[in-house]
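Chain and residue survey
This is what each chain is made of:
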Amino acid sequence: MVTIPPPAPRSEGAIGVETVGMTKRFGGFTALDDVSILVPPGGFHALLGENGAGKSTLVKCVMGFYAPTSGSVLIDGREAEIDGPKGAQGAGLGMVYQHFTLVPSLTGAENLVIARADAPAILDWKSERAKLAAFMERMPFRLDLDRPVAELAAGEKQKLEIVKQLALKARFLILDEPTSVLTPDEAEEVLGLLRGLCDAGALSVLMISHKFREVEAFARSFSVLRRGRLVGGGTVGAVSRDDMAAMMVGERSVRTLAARIGEPEAAHDVLRVEGVTATDVSGLRRIDIADLRVRRREIVGIAGVSGNGQKELADVLGGQIRATGGRVVVQGEPYRGSRAESRRHRVRFIPEEPLRNACAPRMSVSENLAFRAFDRRGEDIQARPTFWLDRRGMGRRAKDLIARFKVKTASSEAPIATLSGGNVQRAVLARELTDPVDLLIVVNPCFGLDFSAIAEIRNRIVAARNAGAAVLLISEDLDEILELSDRIVVMSEGRLVYETPAVTADSGTIGRHMAGHH
Ligand SMILES: Nc1ncnc2c1ncn2[C@@H]1O[C@H](COP(=O)(O)OP(=O)(O)OP(=O)(O)O)[C@@H](O)[C@H]1O
């Protein structure tokens, strides 16, 4: 038999990438089990799966962050030895993450130059600029490279991340939920441009996404992972959305959103923010909140494009930064977000990026679940303090919460940082939502979660409201705000600029206020 050797590698244009029998074990746990996926040159392939399905593990094996337990990566049909991120870059592979990796204080041009592995110690800016200008001519993205990254909107930053990878000569790009920080319009633009590059044969894309709409609009083919195994896939358009969802979750049914029960109690303000002014650490961003009230049994949704002061408002309420003026009042008393005050008024705060902001990453799931009550007698957080850690009690409580909130973890003693993003989120919600709550403050609670986790978490928020909690929901996801809120307030440039009851809300009007047209 004559075997035909694969064609000699080309030095430009899209490359095809294939994983063959990829398996990755962490100790006794198999995160990835014999997964073979092909992205042809110029392909746009979506990788779907619930939180913890193994998507990140697969792409980390491709990028050389992890050495697979077995299996290999083929590039244009040839086996590739990728021994780390530098090797991946040399092989034409690039990755764009959910969160930005740019240096905020540097301009776009400076970021592009320092990203190069061969960046010289002393730069000849004139020649670098000329090279960059020539490179940008060939890009479909228009970007102002002279502005510091900190001043760019999220969509611009994401474009710059992509341009950076293309400048590093990526011919196969992995995108890990690239649109989670973008407005719908920005997402359309960025994905449309990438699809254009694929169609022109300049790039191949593998995109991790939880958004069916995006997958249907931009990807050509898809694969679905479930519990580390490849369980389905095919051509986009040939499979219905329901069938894709069924492949992701298997036999389980997904809950639909629980109904809101009872009316907000107009006479009972739980939270009042009165004339609060504050400035972020950089001193660049200022908020000025004239009057915000959240009542018992009410969800108030704060809508806004990322970076319009939502983070600073959350930081004031969470006690991370001090207000420079005005006051926050909870249940009629001044409130500064201390642990004692939050315990007394039963305030729970779920910040965004919970692994970074609400967990000790290297401590176990069990210890992280015990943060609220570890120094109290028994399991009641209102109880008197104790000096001894009750490890057995902590373990019992952790196992119970893990089961009730369906946290997927190898064990309650595993470091919480080893859990997938969605499962960290579930663990934090388990900790914050088990005891009675009077005021719940949540920031982007479903960021990066799959649709069944989203349904579950939104249900928990509505259940807290139905049980009488006042809920302040700060979210960049307008669909989430529209779905959950009783009342919607738009935040723009540090101020609350528009308010509407959710029943009569018009998303077009809200969108215009979000975009700064008041
Ligand atoms: N370094 C590690 N050590 C131990 N277990 C790990 C490690 N990294 C991942 N896992 C486990 O492997 C499984 C797959 O995780 P992975 O991050 O690949 O999921 P994912 O599909 O990307 O999820 P998400 O959508 O939540 O990001 C999870 O159960 C996770 O706990």
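Reading the values: the criteria
Residues numbered from 1 in each chain as written. Predicted model: local features only at pLDDT ≥ 70, side-chain atom pairs only at ≥ 80, totals over all residues. Helix = DSSP H or I, 4+ residues; strand = E, 2+ residues; numbered from the N terminus. Rg over C-alpha atoms; globule rule 2.2 N^0.38 Å. Contact = placed C-beta atoms within 7 Å. Expected span 1.5 Å × (residues − 1). Buried ≥ 20, exposed ≤ 12 C-beta atoms within 10 Å, placed from the backbone. Arc of directions from axis to C-beta. Near = placed C-beta within 6 Å. Nonpolar A, V, L, I, M, F, W, Y, C, P; charged D, E, K, R; others polar. Domains from an automatic or database assignment. Pairing = 2+ DSSP bridges. Axes fitted to C-alpha atoms, helices over the stretch in contact; angles between N-to-C directions. Parallel < 35°, antiparallel > 145°, perpendicular 65-115°, else oblique. Left-handed = near helix turned anticlockwise from the far one by under 90°.

1. Section: the overall build of the protein
Assigned secondary structure in the protein consists of 17 helices and 20 strands. Relative to a compact globule of 518 residues, whose C-alpha radius of gyration would be 24 Å, the protein shows 24 Å and is just as compact. Dimensions of the protein, computed from the C-alpha atoms along their principal axes, are close to 80 × 55 × 45 Å. Taking contacts inside the protein between residues at least 6 apart in sequence as the whole, the part at least 24 apart equals 71%.

2. Digging into helix α6 (residues 184-199)
Taking 1.5 Å per residue as the helical rise, α6 with its 16 residues ought to reach 22 Å, and the 22 Å between its terminal C-alpha atoms agrees with that figure. Those residues of α6 lying buried are A187, V190, L191, L194, L197 and C198. Buried positions in α6, seen along its axis, are confined to an arc of 110 degrees and lie on one side of it. Residues of α6 that are exposed and point more than 90 degrees away from the buried face comprise D185, G192 and G196. Looking at the buried residues of α6, the elements they touch are β3 (44-49), α5 (154-167), β8 (204-208) and α7 (212-218). Positive backbone phi, at 80 degrees, marks G201, one or two positions downstream of α6.

3. Section: the site of the ligand
If you check the shell around the ligand, you find 17 residues, and the closest are F26, A31, N51, S56 and S420. Put simply, the parts of the chain that give the shell around the ligand at least two residues each are β2 (29-39), α1 (55-62) and α14 (421-433). If you tally residues by element for the shell around the ligand, the top one is α1, at three residues. Residue composition of the shell around the ligand, by class: five nonpolar, ten polar and two charged. For the shell around the ligand, the domains that each give at least three residues are domain 1 (17-249) and domain 3 (359-435).

4. Notes on the pairing of strand β1 (residues 17-26)
Relative to strand β4 (residues 70-75), β1 runs antiparallel, the two being bridged by five bridges. Note that in β4 the partner of V17 across the bridge is I75. Both β1 and β2 contribute to a ladder of seven bridges, which runs antiparallel. Looking at β2, one finds that K24 is bridged to L32. Between β1 and the antiparallel strand that follows it, β2, lie two residues; G27 among them carries a positive phi value of about 60 degrees.

5. Things to note about the pairing of β3
Within β3, six of the six residues are buried, leaving the element largely enclosed by the surrounding structure. Residues of β3 alternate between two faces, with F44, A46 and L48 on one and H45, L47 and G49 on the opposite face, all of them buried. Strand direction decides the pairing type here: β3 and β8, joined by four bridges, are parallel. Opposite A46, over in β8, you have M207 as the bridge partner. Bridging between β3 and strand β9 (residues 221-226) involves five bridges; their strand directions are parallel. Opposite L48, over in β9, you have V224 as the bridge partner.

6. With respect to the packing of α5 against α6
With their axes 9 Å apart at the nearest point, α5 and α6 run at an angle of 20 degrees to one another. Regarding the angle of α5 to α6, the classification is roughly parallel. Note on packing geometry: the crossing formed by α5 with α6 is right-handed. Along the contact surface, α5 presents A154, G155, Q158, K159 and I162, while α6 presents E186, E189, V190 and L194.

7. Brief notes about the domain arrangement of the protein
Per the domain assignment, the segments making up the protein are domain 1 (17-249), domain 2 (268-346 + 441-518) and domain 3 (359-435). Centre-to-centre, using C-alpha coordinates, domain 2 lies 26 Å away from domain 3. Opposite the eight residues of domain 2 that make contact, domain 3 presents seven residues. It is helix α15 (residues 451-466) that provides the largest number of residues to the side of domain 2 that touches domain 3, a total of four residues. Residues belonging to the side of domain 2 that touches domain 3 are distributed by class as follows: four nonpolar, one polar and three charged.

8. Some thoughts on the environment of G309
Locating G309 in the fold gives a position in the loop between β13 (298-303) and α9 (310-317). Given 22 C-beta atoms within a 10 Å radius, G309 is considered buried. Between the C-alpha atoms of G309 and L496, which are 187 residues apart in sequence, the distance is 9.7 Å. If we skip the residues at most four places from it in the chain, G309 touches R285, I287, M491 and G494.

9. Looking at the sheet that holds β3
Across the sheet, six strands lie side by side as β6-β7-β8-β3-β9-β10; this open sheet has mixed pairing. Single-partner strands in this sheet number two, and they are β6 (93-96) and β10 (229-235). Each neighbouring strand pair of the sheet contributes to a mean axis angle of 20 degrees, computed without reference to strand direction. Here α1 sits on the sheet in contact with β3, β6, β7 (172-176), β8 and β9, set at roughly 150 degrees to β7.

10. So, the sheet that holds strand β11 (residues 265-279)
Within the open sheet, the four strands sit side by side as β12-β11-β14-β15. Their pairing is antiparallel. Two strands bound the open sheet, and with one partner strand each, they are β12 (286-296) and β15 (333-334). Sheet analysis places β11 next to strand β14 (residues 325-330), joined by five bridges and oriented antiparallel. The residue bridging V273 from the neighbouring strand is V328, located in β14.

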